Amino acid sequence: MNETEIMAKSGPDPVAAYPHARRVGNFLFISGLGPHKRGEKDLPATFADEVHGVFHNLKVILEAAGLGLENVVDVTGFLTDLETDFATYNAIYAEYLGQIRPARTTIQVSELPRGIHVEIKVLAVCPAG
């Protein structure tokens, strides 16, 4: 099976040893994405800014793979406070993926790397060929 590692030049700095994504056959497995843009260390000002940052990073990585948001088929979201942040996450998620309607799971976790409050893990499908 054909495998390709994707590292987007303008993608976020990984916090460990992993690629932004790995294409295996017709699937693109995107590593967990937080809100930081390349070279940034400070957390975005608000939770909403974090969510927009996460989706910005998703778009950058999809574009590096020759894909777009329409190729997303599954999203797992990790939030550190579902009670406080889910409505904001859900509204912003809908701006980016509401019309596409990928499968979706949202989970509360106690902590995420670098003090972030939201992270997503994405599976996208690639055109055959």
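Scroll up a little and you will see the structure.
What you see is a predicted model; the values in this text were computed from it and never measured.

Novice: Sorry if this is basic, but what is going on with the packing of helix α1 (residues 47-64) against helix α2 (residues 82-97) here?
Specialist: Two quantities define a packed helix pair, namely the angle between the helix axes and the distance between the axes. Their axes nearest at 10 Å, the elements α1 and α2 cross at an angle of 35°. Considering how the two elements wind past one another, α1 and α2 form a crossing that is right-handed. Taking contact as the criterion, the partners of F47, A48, V51, H52, F55 and K59 in α1 are, on α2, D85, T88, Y89, I92, Y93, E95, Y96 and L97.

Novice: Hey, could you run me through the sheet that holds strand β3 (residues 27-33) in this one?
Specialist: Where strands meet in a sheet, backbone hydrogen bonds hold them as pairs that are either parallel or antiparallel. The 6 strands are arranged β1-β2-β3-β6-β4-β5 in an open sheet whose pairing can be described as mixed. Strands at the two margins of the open sheet, each flanked by one partner only, are β1 (3-6) and β5 (103-108). For this sheet, the mean inter-axis angle between neighbouring strands, taken without regard to orientation, is 10°. Against the sheet, α1 makes contact with β1, β2 (21-24), β3, β4 (72-79) and β6 (118-125), and its axis sits at roughly 25° relative to β6, the strand it touches most. The strands touched by α2 are β4, β5 and β6; relative to β5, the strand with the most contacts, the crossing angle is about 155°.

Novice: I'm lost on the pattern of salt bridges in this one. Help?
Specialist: Any two side chains of opposite charge can pair, given that their charged atoms come close. In total, this model carries 3 salt bridges according to the counting rule given. One salt bridge in this structure joins R22 and E3, with 3.6 Å as the shortest N-O distance. One end of the pair, R22, is in strand β2; the other, E3, is in strand β1, with 19 residues separating them in the sequence. Its relative accessible area of 49% is what places E3 among the partly exposed residues. Of the charged contacts in the structure, one is a salt bridge between R22 and E5, with a shortest N-O distance of 3.2 Å. Linking R22 in strand β2 with E5 in strand β1, this pair joins segments that are 17 residues apart in sequence.

Novice: Teacher, can you tell me more about the pairing of β3 here?
Specialist: In the case of a regular strand, side chains alternate between the two sheet surfaces. For β2 and β3, the ladder comprises 4 bridges, and the chain directions are antiparallel. Opposite A21, over in β3, you have I30 as the bridge partner. Following β2, the chain reverses through 2 residues before pairing antiparallel with β3; G25 in that reversal takes a positive phi of roughly 60°. As paired strands, β3 and β6 are joined by 5 bridges and run antiparallel to one another. Bridging across to β6, F27 finds its partner in V125.

Basis of the calculations
- Residues numbered from 1 in each chain as written.
- Predicted model: local features only at pLDDT ≥ 70, side-chain atom pairs only at ≥ 80, totals over all residues.
- Heavy atoms only, no water.
- Axes fitted to C-alpha atoms, helices over the stretch in contact; angles between N-to-C directions.
- Helix = DSSP H or I, 4+ residues; strand = E, 2+ residues; numbered from the N terminus.
- Left-handed = near helix turned anticlockwise from the far one by under 90°.
- Contact = heavy atoms within 4.5 Å.
- Pairing = 2+ DSSP bridges.
- Salt bridge = Lys/Arg side-chain N within 4 Å of Asp/Glu carboxyl O.
- Buried < 20%, exposed > 50% of the residue type's maximum accessible area, 1.4 Å probe, protein only.

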